[in-house]
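Remarks on the overall topology
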Amino acid sequence: MGTMVEPERRSSVGIAVRLATTRAEIRRVLLRHGLAMLVVTVLLALVLFCSVDWLLHVSAGMRILFLMVLLGLIGWTVYRRLMVPLSVPISDLQLALRIERLHPELDETLSSTIAFSPVQERDPRAGSLALRQALVELARQRVEPIRFDEVVDLTPSRKAMGWAGIVTAGSLLLAILFPISAWTAIARLANPWGSTEWPKRTQIAELDYLPQMAKGDPFTVRAVVKGVIPERLTIEYRFADGQQVPASVMLPAPVEVSRKDGVEPSAETPAAFVATLDGTSQPFEFAIKGGDADTGWRPVAVVPAPDVTRLDVTVTPPAYSLLPPVTLPEGKGHVKGIIGSKVVVLAESNKPIRAGKLAWEKGSPTTGLVLAGKNQWTAEFVIGQNDTYQIFLEDDQGMTNEHRSPRLYRVDALPDTAPEVKIDKPTEDMEVTRQAKIPIKWIVRDDIGIAQLDRVYSITKPGAIPSVNEVDAGIPTEQTRLFEGVDRPKQTTIDDEWDLAPLDLPTGSVVTFKGVARDYRTPPEPNVGESRSIRLLIVSQGDFVRQIENEQKLIREEIQRLRKMEEGALEQTSDLAEQTQAKGT
């Protein structure tokens, strides 16, 4: 008996499997349909609400209402299009009846087979077992060529998915064409309480200003405007004490600032505007408006500017001078020193600083070093020329004292001058014999110290014309060291007696001499100072005697002339006395 039941069971199981597969396909179609309807509903509602917000710039309350409606639509669609259809049970009998409606030739054999499936084999109420087996076999044979998935209606699902595709493509196209507007609308809808605003037709793209400024400094703000450029931009100020300055018109920036890539500014080309507020001592706020652009109130803090509260300056002369360093009195910045002297400036600030520099009138700025504690700054420079400098300090916020006219200090560069050499005796050119001893008195001065003095001379042979001789041309033939200034005197007098006899000079020779002195300057090399040149004409003994006789004769004649002048003066005096006496009587 069990052998007869087995074919019936296999037939019933095969039909049940096909029905289960059909049921799963129906649920997949329902799921696709529900998801497509959800996409269509959400995207259409999103596009609608975002478009209304784009057109009307609705308030936060209206955006909250839009969001609630959107969430409600999502919930309703999920429930109506997904949860309800997918939760409805679909039995094998219902599927069999639907298949029999499509195929009347089955003549209810399929539904009858499904009805007999749960009946026990030996159930007396089920009727004849052979009859049931025959019915099941007949149903199997009739449904074998039939496709059960014909009962699945794909048309609604395909339509929904088509609409979903169209709506999705349209939404993506809008997002691609208007990305900023799309993301702005979504952000405003997703967070109605947020601060996201719609892009203005007039946009203040850049706002350049210092949020913290030094007390007393001018305040400057620069705004770069894009989009629709308004005819004017206005700025308002309000101060901490409640004072509010009426709106004033910002000035257009120079054309060079507004140009871009050589294109002339137009209604759509970015333009720059600037405004300046005179120095103030209290915090304030400002707001810029133009077209539909509004920056809102922007705060600006006003704090003390960095300033020099103490100044110490040390001047160290060049090493060769052996002069000690000089520290100027506190607060004194005027420097006077020899060229090559090193100057160390130590400035103390009223607040922490991050940088500083010495700004020169003639040269490039000198940077320095901020010391530990950040309230002191130091810099070094070498005196090279007359100049003036100012000390600029910059604090951690970027504020400087540059606009506060810091004190101007002077640098006086003193050159290390060459030694001054003077021949005090003889005073003029002389005629001397070859055996003469010439007394020479040298006076030498230098601003720092005399290193040495040489007597330099050249000899011109008889008959030669001593025009520009070798001494004057700087090419001495002989020299004699007269002085070595180990103790570095600034002035010295040297009595020199020059014996010409060892030179064995023939009559008619001319000896030209001068003094050459050097100091201790290094580098690059010592300064050299020279005296005037004196010429000595070598004459014979007889010529020398005649010269002296002639000079004596000239002296006697001069004495006689002076006596005559004295006698004449006495006669005039006597006459005046007699006239005065006569008038008195």
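Thresholds, definitions, all that
Residues numbered from 1 in each chain as written. Predicted model: local features only at pLDDT ≥ 70, side-chain atom pairs only at ≥ 80, totals over all residues. Heavy atoms only, no water. Helix = DSSP H or I, 4+ residues; strand = E, 2+ residues; numbered from the N terminus. Buried < 20%, exposed > 50% of the residue type's maximum accessible area, 1.4 Å probe, protein only. Contact = heavy atoms within 4.5 Å. Areas by Shrake-Rupley, 256 points an atom, 1.4 Å probe, with all protein chains shown as cover. Phe/Tyr/Trp six-rings, centres within 6.5 Å; stacked < 30°, edge-to-face > 60°. Pairing = 2+ DSSP bridges.

Let's shift gears to the overall build of the protein chain. Regarding its fold elements, the protein chain presents 9 helices and 29 strands. Considering the protein chain as a whole, with its 585 residues, one finds that 35% of them fall into the buried category. Considering only residue pairs separated by 6 or more positions, the protein chain has 70% of its internal contacts joining residues 24 or more positions apart. Split by element, the accessible area of the protein chain, about 34,500 Å² in all, is 57% carbon and sulfur.

On to the packing of aromatic side chains. Both the distance between ring centres and the angle between the ring planes are used here to describe each pair of aromatic rings. Tallied over the full model, the rule gives 14 aromatic pairs. With a centroid separation of 6.0 Å and 65° between ring planes, the pair formed by tyrosine 237 and phenylalanine 284 is classed as edge-to-face. Taken together, the positions of tyrosine 237 in strand β4 (residues 234-239) and phenylalanine 284 in strand β8 (residues 284-290) put the pair 47 residues apart, joining distant regions of the chain. By relative accessible area, tyrosine 237 is classed as buried at 4%. Centre to centre, the rings of tyrosine 457 and tryptophan 498 are 5.0 Å apart; their planes meet at 55°, and the pair counts as tilted. Here tryptophan 498 lies in strand β26 (residues 491-499) and tyrosine 457 lies in strand β24 (residues 450-460), a separation of 41 residues in the sequence. Neither tyrosine 457 nor tryptophan 498 differs from the other in exposure class; each is buried. Grouped by ring-pair contacts, the aromatic residues Tyr209, Phe219, Tyr237, Phe239, Phe284 and Phe286 constitute a single cluster.

Turning to its location among the elements, isoleucine 459 is positioned in strand β24. Each C-alpha atom of the pair isoleucine 459 and serine 509 lies 6.9 Å from the other, and the pair is 50 residues apart in sequence.

A few words now on the sheet that holds strand β3 (residues 219-227). If you trace the 4 strands from one edge of the open sheet to the other, you get β1-β3-β7-β6, paired in antiparallel fashion. This sheet does not close on itself; its edge strands, each paired only once, are β1 (202-208) and β6 (251-252). Sheet topology places β6 next to strand β7 (residues 271-277); 2 bridges connect them, and they run antiparallel. Along β7, the bridge assignment pairs proline 252 with phenylalanine 273.

For the peptide bond that leads from lysine 425 to proline 426, omega is 0°, which places it in the cis range. Inspection of the secondary structure assignment puts proline 426 in the loop between β21 (420-425) and β22 (430-432). Residue threonine 522 is joined to proline 523 through a cis peptide bond whose omega torsion reads -20°. Within the secondary structure, proline 523 sits in the loop between β27 (510-519) and β28 (528-530). The residue arginine 488 is not glycine, and still its phi comes out positive at about 55°. Within the fold, arginine 488 resides in the loop between β25 (478-484) and β26. Of the residues examined, arginine 488 reaches a relative accessible area of 23% and is grouped as partly exposed.

Geometric values such as these leave the question of function open.
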